[in-house]
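# Coordinate analysis (summary)
This is what each chain is made of:
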Amino acid sequence: MTQSVVVQVGQCGNQIGCRFWDLALREHAAVNKKGIYDEALSSFFRNVDTRNGGDGADIHKGKIFSLKARALLIDMEEGVVNEILQGPLRDVFDSKQLITDVSGSGNNWAVGHKLYGYQYREHIVEKLRRTAEHCDCLQCFFVIHSMGGGTGSGLGTFVLNVLEDEFPEVYRFVTSVYPSGEDDVITSPYNSVLAMKELNEHADCVLPIENESLFSIVSKIHQMTNSGKLGSTVKQNSLLTSSAGSIKTEQEKPFDAMNNIVANLLLNLTSSARFEGSLNMDLNEISMNLVPFPRLHYLVSSLTPLYTLADVNVPSRRLDQMFSDAFSKDHQLIQADPKHSLYLACALLVRGNVQVSDLRRNIERLKPSLHFVSWNQEGWKTGLCSVPPVGHSHSLLALANNTCVKPTFTELKDRFMKLYKKKAHLHHYLHVDGMEQSCFSEAISSLSDLIEEYNQLDATKSAPRTYPSRLKIAM
Amino acid sequence: MSIVTVQLGQCGNQIGYEVFNAICNDFHSTHGLCSKKENESYQEACKERFFSEEKTGVPVARAVLVDMEPKVISQTLSMAARSGHWKYDHQSHFCQKQGSGNNWANGYSVHGPRYRDVIMNLVQKEAEKCDRLSGFFTVMSMAGGTGSGMGAFVTQCLRDAFPTSFILNQVIWPYGTGEVIVQNYNSVLTLSHLYQSSDALLVHENDAIHKICAQLMNIKKISFRDVNQVIAHQLGSVFQPTYSSEGASQYSRNPLGDLMESLVPHPEFKMLGLRNIPQMSENSLAYSTFTWPGLIKHLRQMLIANAKMEEGIDWQVRPPLPGHPVPPKASPNKALHFNTSIANLVVLRGKDVQSIDLGGFRDPALYTSWLNPQEAFTIWKTPRAFNKYEKSASLVSNSQFLLKLMDNIVGKAWNMFASKAYVHQYTKFGIEEEDFLDCFTTLEQVISSYASL
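Residues numbered from 1 in each chain as written. Chains lettered and ligands numbered in written order. Predicted model: local features only at pLDDT ≥ 70, side-chain atom pairs only at ≥ 80, totals over all residues. Heavy atoms only, no water.

A tally of regular secondary structure across chain A gives 14 helices and 13 strands. In terms of overall dimensions, chain A is globule-like: its C-alpha atoms have a radius of gyration of 22 Å, near the 23 Å expected for 475 residues. Dimensions of chain A along its principal axes, counting C-alpha atoms only, are 60 × 60 × 60 Å. Within chain A, the proportion of its 475 residues that are buried is 61%. The long-range fraction of contacts in chain A, counting pairs at least 24 apart against all pairs at least 6 apart in sequence, stands at 81%. Total accessible area on chain A stands at roughly 18,500 Å², and carbon and sulfur atoms take up 51% of it. Treating the 47 positive side-chain charges of chain A as one cloud and the 53 negative ones as another, the clouds have centres 6 Å apart. (Helix = DSSP H or I, 4+ residues; strand = E, 2+ residues; numbered from the N terminus. Rg over C-alpha atoms; globule rule 2.2 N^0.38 Å. Buried < 20%, exposed > 50% of the residue type's maximum accessible area, 1.4 Å probe, protein only. Contact = heavy atoms within 4.5 Å. Areas by Shrake-Rupley, 256 points an atom, 1.4 Å probe, with all protein chains shown as cover. Lys, Arg positive; Asp, Glu negative; His and termini not counted. Charge placed at Lys NZ, Arg CZ, Asp CG, Glu CD.)

For E285(A), the position within the fold is in helix α9 (residues 283–290). Residues in contact with E285(A), not counting those within four places in the same chain, are N280(A), K381(A), G101(B) and N102(B).

Contact residues are listed per partner, giving 58 residues for chain A and 52 residues for chain B. Both faces considered, chain A and chain B share a buried interface measuring about 4,400 Å² in area, 53% of it formed by carbon and sulfur atoms. In terms of surface lost to chain B, no three residues of chain A exceed M288(A), R470(A) and L471(A), which account for 17% of the buried area on that side. At the junction of chain A and chain B, the tally comes to 5 salt bridges. As a salt-bridge pair, R470(A) and D407(B) come within 2.8 Å of each other at their nearest N and O atoms. Where chain A packs against chain B, one counts 34 residue pairs in polar contact (both at pLDDT 80 or more). (Buried area = accessible area lost by both parts, 1.4 Å probe. Salt bridge = Lys/Arg side-chain N within 4 Å of Asp/Glu carboxyl O. Polar contact = N/O pair within 3.5 Å; in protein donor to acceptor, adjacent residues only side chain to side chain.)

Quick look at the structure:
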């Protein structure tokens, strides 16, 4: 079994991270009734004997003493991290896993990346090394951050560079929250585009997230559960947005519901690596199957169902509905419509009481309405994990490498250009030591190239299919 | 003589477990329908072939379990131990932590060489437990990374270390609509490499078995366990003890050798297909009766028309009549109406096996002209019934059964290769574009050879 380390950077990264750890504990508590520290738990948690205080030894088998998250919490302001450390999850982290400062990055990528990056590099490397040493077999780093600010965006991508330099064999999966059009941070386009270049070059897989999509999902769930249309009661802990049953007991904060969705994404993504099933799908398989060309590693994700009703009997029709929903644009975690764009590859990770015949039936059913690139007409990767998420009997995570990400990138580029043409706010960036005009031009160039790759693929959608001729053998 | 099974990857281990389970259940079956003496003979032979004795009296499967991540092996070992009737040797397994990531190159070029010594040591130990070693079964899928890539490497190692033993690879052909996106690359790489070191490849197709589960076994919600149990049943029906020659008084001691001798006259032709009849759910079995002529007739037509199961057979297909020109079939793209065989093996188990007429299988029109029709067709039989089927017949065929499948998979892989998609994932671990091209060439050669039968 392998281990993964979560690196949460900036306010957004840490708030999502906090929800992740909370729900991860909830999930493992539901499965692990006997309180034994098992391999599944070890993927994200250490078991530490803290009886004698201080940093106790790791205990690899047997009873659970004290679970510690395999995480690094980084923020250049103290507010969010302090709150985590004073909250119900305080025992899950120890102080050696934090890197904080006081003044923040002022929504400035250059401050996060160049200034704080340089300043904290050694600290970061040292703490990463410590976390890695506690792992028997470290497989993956999960970086969680937002793109539009300064710390998550700048320092977060700096950390990504460090991960590649120091741990080149370990996978880097990045969950990035992209800013919306009406983002109140004026310079978010700059920050995002500068960060994109780093993601292009140093991430193995990126899961882009947009707040608008999370918000729509939250609204939809709210509407459905309060409208009385459903007839029977909804299981509270099954809501994709809920913290019910977790450690957190106080008032839910406004972003909690949205962040829970992202936390659930990460739990589902890693479920098959942690729990058993008849067709396992490990993280290295996700990267292998969904990244046909190195730079095209942006995966659009969708999660279903959004909630489960309390009546247990689930006819197969409802199961099929789960598959259909995974492809509808309302369930995607970014503003995108994969059905009307081109698929390069698609992965379906099913959890719970679902068998291969259900999978096959639904793939056959949905395939005709989807467009796959000519060289990957049957581009499906599937996984079956026996353990369902809390509150559900089954669930589905769909990951699509699809040209429907393109609009997110082109809009970002447009917003960037609007500012850049007028050189608005540029001086705030160029002030920072190590930051030059070329950083900007290289970044926008990198983004343009990426968009062009997607354009070329889209062009093949309408082109006539030509099959390359096979090798001929002389008889 | 004994067979050592090497189970590779998730699929290999899951199926391997079901095979030993099926064999063990058959061993304990009270529906043998033969004399006590016969039954005891059968059980002796079965035990020697697949199990070694342990002090506790619980038979220990002659197997080595290999996987690059621990979950499946751990489950497999404990399921076997829980059965109470048999188990694995808990020392006889090797696993790592990270898996191969569905990457053939990772399995073949990285994990293979790295763990070769440890794995071959385990194999050596199992081989030494055998009084006489007949050879090896490997069980693996082609679609993933460990079974396929590491499986190909291990097969090579087996060949090097045991040059006089037989190696039969059970290969699982993935579903046409993906389980794994790079399955076509992995399959092409596996097949071409196995062709160099293996004696024969016995293929099971997930799509075909799935249909059997749906239409013959009437299973509504088909799981991989169901699919694997059908495969296990089919394998058991071939490799459980039989008398392999007319008038033999002892159960055959060398099933693998006999198989190779009958079915693989030429190293260019190693692809074997397997059909088994009848197959149905246990409930239906209680209400069904069969006649040998009926079963044989169906089996023969399944061979001729390349049907995967006993329903939906195309009865219009006929072998060419003597004197009439054989229609040109050089291109595998044309629908192959008639399936030409190089050699066939029929295994008969159960009531009244002595009186069966198999003339239909001896028809020279079924075969190419290389072998004497007497040599092209072999029968193995036993009066001891298998696994609750009063009468059962299996066909192992070296014919054009797999031609269309191979052509499809090479076509899809080539299509993807032309765009170079995913190739960087392989070159990262040392498999270059030239290596791909070599593999394509090898397989086009095999396809061409089978097509021109």
